Amino acid sequence: MVRLQDIIDEMRAHNPGVDVDEVKKAYVYSAKVHQGQLRKSGEPYLVHPLSVAHVIARLNLDEPSVLAALLHDTLEDTLATAEEIEELFGSTVRFLVEGVTKLSKINFSTKEERQAENVRKMLVAMSQDLRVILVKLADRLHNMRTLEFVEPDLRQSVSQETLDIFAPLANRLGIQWIRSELEDLSFKWLHPEQFGDIEQRLEQVRQERRHFIDLVVEFLETTSEENEIDVTVSGRIKHPYSIYRKMLQKNVHFDQIYDIIAFRIITKNVGDCYRMLGLIHATWKPVSGRFKDYIAMPKINRYQSLHTTVLGPEGERVEIQIRTADMHRIAEQGVAAHWAYKEGVRGEIRASKDMSQFAWLRELLDQQKELKDPAEFLESVKVDLFSDEVFVFTPQGEVKAMPRGATSLDFAYAVHTEVGHHCVGARVNGKIAPLRQRLKNGDTIEILTNKKQRPSKDWLAFVKTSRAKNKIRNVIRAEQRKRSQEIGREVLEKECKRQGVNLNKAWRSGQVGQVADELGFRNPDELMVALGYGKISTTRAIELLLPEEKRRELEQAKENLKPSKIGQFFKRPSRKTKSGILVQGLEDVMVRFGKCCNPIPGDNLVGVITRGRGVTVHTRSCKRVLDSDPERLIEVNWDLEHDVVRTISVRVLCEDRSGMLANITNVMSDQGINISQVNARVDDAGRAVCNFKLGIGSLEQFKDVAKKVEKIKGVLGIERLQN
């Protein structure tokens, strides 16, 4: 358990002359307002802010950051006020605490909306003062360390959010030890079986390869000493999640991962880094394609190091990183390693060159301003945070960092939006290349344009960057919107003629504007778009355009058709929906399910209006939804009174041995699941890939059967497939 003295000791270790009186004052205040509160573990709540403050002190941040860590939950969980915190601890601490505080007092219709707005708020506050996200990361780190005490469902959702948002943020800020711990903890709770298996195997490797590690370390130390290079050498076993990710990426078993052990060499200066590299390559044969010079071309988070993989002792692959002490400090602590403040200026980094590494944050925020849909916003943030980089060149020799997997078209949009819109091709290293060609390190790209070219919906299938995707979507949606507006006007004109209403006159007199206002639209154009998409019926609009006398006649006719007027003996029979879906609370609207995502009961849904074909139901995370115009989206829900069994595709990855398929199908059958189709094959890595078509009644049913299948010995993983 962390004590106040531990925090003070950590602060004094970095800054012996630090004044800790304010820290003690914040500790007393936090203890007072949190008095009587307990965590899920049963511990006093004060344990949490103390642990968060200790992480912040370990990062060597300033006093306001430590104060904010001690006070970060006071606004959300106690009767403390922002004004009181400002009065006691100053405006900077108030700003940091408010930046970390979640949107707890705002109601949202979906979990995605809440998550999206919390992330958006966090990024905005982070752009004003990076200490906000550092406190937030420390907060999430301690919560993940104590996640065993919360409910399983919450544990899963928090772990997934951590893996999607917070670990990549830690990586972008260069704080590798926080990133690694967040990834491992998320992996532990999301895939406990795989985590336990890999951790057990890594411990076995650690015991078996201790002699090998000592051998390599001794050789590197001896070599450096003989060549009068002052170095520190260490060997380490990689983290469980990094091994798991590599297994997935390369589609291999644990036994086929050869670079589980990594060695690090810390030198006095940059020249010694390259000298050590030369000595290593002169002794051990380098593995082709595995050398990276991040000293000459640092990563976007300022990470610098030389990476090489060689065939070392006993012919085994050895991964080696070489960097200076300053580079190592930045690699581990990231932005916190060079944090310095101008007196009286909030969150500014002293050297302007340091701010260049945060250009990604400013660009990310600029791109997200236009994104209103929560799912699209979150998808865009994840793409921006997750990307590794390749370094490419303009024809003028300017270096540009692009996400790994980016194409020539992504590069065109990175140059300028209009260049992307009118791009017809590219020359990569002097040769004509297709727009979808993925870029490689060192490529020189020249973009070819034509003024007549317009963005195509097909481009969305291969562009990588959120910038390119958002710009393409905006153009396509604008075109769809314009066409829908034209259709809406045509449909309304036809109905007006049939009813004897002069639409042009109604338009000039402002009556159409009044109708739009009455139906909840900002202007007549918005009404036409809704009519064009079919979100509102022309009948409703016409009713409001009719003269008063005709409107009364229509209302009277409707009144006469009510059951109470026809007779009390006829009752409308209650019936369930045929599809199991309610569209904005209505029954039996024409509905079909998107084959791309195959929703099952329990999935969070959204409907996409397709003119003439009713409503297509998708999961909210489906990529088709992200590509659709938000104007076409409509609220849909599962009809809880209707039992629906949906067929979904599931893939099980397992060892190729006798009886595996029988074991898997038996577990599924025991859960009452109908297997309509099964395919099995062996992949290039010698594993069995089993594809099933399953009749599933709910998301919970799928989660239950997935957990039971994962526990079968020899099963490596199970996933639900989407087209």
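All values derive from a computational prediction rather than experimental measurement. (Residues numbered from 1 in each chain as written. Predicted model: local features only at pLDDT ≥ 70, side-chain atom pairs only at ≥ 80, totals over all residues. Heavy atoms only, no water.)

### As for the nonpolar core
Consideration 1: In this structure, Ile 7, Ile 56 and Ile 178 are the most contacted members of the largest nonpolar core, which totals 59 residues.
Consideration 2: Here this core gets eight residues from one element, more than from any other, and that element is helix α9 (residues 131-145).
Consideration 3: Listed in part, the 39 residues of the second largest apolar core include Phe 212, Val 217, Tyr 241 and Trp 284. (Core = buried A, V, L, I, M, F, W, Y, C linked by side-chain atoms within 4.5 Å. Buried < 20%, exposed > 50% of the residue type's maximum accessible area, 1.4 Å probe, protein only. Helix = DSSP H or I, 4+ residues; strand = E, 2+ residues; numbered from the N terminus.)

### Notes on a negative patch on the surface
Consideration 1: Among the surface-exposed residues, Asp 214, Glu 218, Glu 221, Glu 225 and Glu 226 lie close enough to one another that they form a single negatively charged patch.
Consideration 2: Mapped onto the elements of the fold, Glu 218 is located in helix α13 (residues 210-226). (Patch = residues over 30% accessible without salt bridge, like charges linked within 9 Å, V, L, I, M, F, W, Y side chains within 5 Å. Areas by Shrake-Rupley, 256 points an atom, 1.4 Å probe, with all protein chains shown as cover. Salt bridge = Lys/Arg side-chain N within 4 Å of Asp/Glu carboxyl O. Lys, Arg positive; Asp, Glu negative; His and termini not counted. Charge placed at Lys NZ, Arg CZ, Asp CG, Glu CD.)

### Details of helix α7 (residues 91-100)
Consideration 1: Of all 10 residues in α7, seven are buried, a share of seventy percent or more.
Consideration 2: Those residues of α7 that fall on the buried side of the exposure criterion are Val 93, Arg 94, Phe 95, Leu 96, Val 97, Gly 99 and Val 100.

### Description of the side chain of Thr 74
Consideration 1: The residue Thr 74 is located in helix α5 (residues 74-77) in this model.
Consideration 2: On the basis of relative accessibility, which here comes to 0%, the residue Thr 74 falls in the buried class.
Consideration 3: From its side chain, Thr 74 meets the backbone oxygen of Leu 71 in a polar contact 2.7 Å long. (Polar contact = N/O pair within 3.5 Å; in protein donor to acceptor, adjacent residues only side chain to side chain.)

### Side note on the environment of Phe 219
Consideration 1: By the element assignment, Phe 219 lies in helix α13.
Consideration 2: Sequence-distant contacts of Phe 219, that is, excluding residues within four places in its chain, are made with Thr 283 and Trp 284. (Contact = heavy atoms within 4.5 Å.)

### Observations regarding the packing of helix α21 (residues 466-499) against helix α25 (residues 538-545)
Consideration 1: With their axes 10 Å apart at the nearest point, α21 and α25 run at an angle of 50° to one another. What the angle tells us is that α21 and α25 run oblique. As for how α21 packs across α25, the hand of that crossing is right-handed. Together, Val 491, Leu 492, Glu 495, Cys 496 and Gln 499 of α21 and Thr 538, Ala 541, Ile 542 and Leu 545 of α25 make up the contact between the two elements. (Axes fitted to C-alpha atoms, helices over the stretch in contact; angles between N-to-C directions. Parallel < 35°, antiparallel > 145°, perpendicular 65-115°, else oblique. Left-handed = near helix turned anticlockwise from the far one by under 90°.)

### Considering the packing of aromatic side chains
Consideration 1: For the coordinates displayed, the defined rule picks out eight aromatic pairs.
Consideration 2: Arranged with centres 6.0 Å apart and planes meeting at 70°, the rings of Tyr 294 and Tyr 303 form a pair that is edge-to-face. Of the two residues examined, Tyr 294 and Tyr 303, each falls in the buried class.
Consideration 3: Ring geometry for Phe 593 against Trp 638: centres 6.0 Å apart, planes inclined by 20°, an arrangement best described as stacked. Pair noted here: Phe 593 is in strand β13 (residues 591-593) and Trp 638 is in strand β17 (residues 636-638), with a separation of 45 residues, a long-range link. The pair Phe 593 / Trp 638 is uniform in exposure class, with both members buried.
Consideration 4: One cation-aromatic arrangement involves Arg 58 over Trp 177; the distance from NZ or CZ to the ring centre is 3.6 Å. (Phe/Tyr/Trp six-rings, centres within 6.5 Å; stacked < 30°, edge-to-face > 60°. Lys NZ or Arg CZ within 6 Å of the ring centre and 35° of its normal.)

### Some words on the pattern of salt bridges
Consideration 1: Taken as a whole, this structure holds 28 salt bridges when the rule is applied.
Consideration 2: A salt bridge links Arg 209 to Glu 316, with the shortest nitrogen-to-oxygen separation between them at 2.8 Å. A residue pair is termed long-range when its members are at least 10 positions apart, and Arg 209 in the loop between α12 (192-208) and α13 and Glu 316 in the loop between β5 (306-311) and β6 (317-324) qualify at 107 residues.
Consideration 3: When salt bridges with common partners are traced through the structure, they connect Glu 83, Glu 86, Arg 94 and Glu 98 into a single cluster.

### Thoughts on the confidence of the model for the protein chain
Consideration 1: Taken over all residues, the pLDDT of the protein chain has a mean of 81, while the share at 70 or more is 83%.
Consideration 2: Helix α15 (residues 270-283) holds the highest mean pLDDT among the elements of the protein chain, 94, whereas helix α27 (residues 563-566) holds the lowest, 44.
Consideration 3: Low pLDDT, under 50, characterises residues 103-108; the stretch is placed with 11 contacts to residues that sit more than four places away or in other chains.
Consideration 4: Counting interchain partners and residues more than four positions distant, the pLDDT-below-50 stretch residues 340-356 has 29 contacts. (pLDDT = per-residue confidence, 0-100.)

### Describing the sheet that holds strand β11 (residues 445-449)
Consideration 1: Across the sheet, which stays open at both edges, the three strands sit in the order β10-β9-β11 with antiparallel pairing between neighbours. Each end of this open sheet is capped by a strand with a single partner; those strands are β10 (431-433) and β11. Adjacent strand axes in the sheet meet at a mean angle of 35°, parallel and antiparallel pairs treated alike.
Consideration 2: Note that strand β9 (residues 423-428) and β10 share three bridges and pair antiparallel. Of the residues in β10, the one forming a bridge with Ala 426 is Ala 433. (Pairing = 2+ DSSP bridges.)

### Some words on the sheet that holds strand β20 (residues 687-696)
Consideration 1: Across the sheet, four strands lie side by side as β19-β20-β18-β21; this open sheet has antiparallel pairing. What marks the edges here is a single partner per strand, and that holds for β19 (674-682) and β21 (715-720). Pairwise comparison of adjacent strand axes, ignoring direction, gives a mean angle of 20° for this sheet.
Consideration 2: For strand β18 (residues 646-655) and β21, the ladder comprises five bridges, and the chain directions are antiparallel. Bridging from a neighbouring strand, Arg 651 pairs with Glu 719 of β21.
Consideration 3: Of the strands in this sheet, β18, β19, β20 and β21 touch helix α29 (residues 660-670), which is tilted by about 20° from β20.

### Focus on the side chain of Asp 603
Consideration 1: In this fold, Asp 603 is placed in the loop between β13 and β14 (605-609).
Consideration 2: Its relative accessible area of 11% is what places Asp 603 among the buried residues.
Consideration 3: Separated by 2.9 Å, the side chain of Asp 603 and the backbone nitrogen of Ile 600 make a polar contact.
Consideration 4: For Asp 603, the contacting residues outside a window of four places in its chain are Asn 598, Thr 619, Trp 638, Leu 699 and Arg 720.

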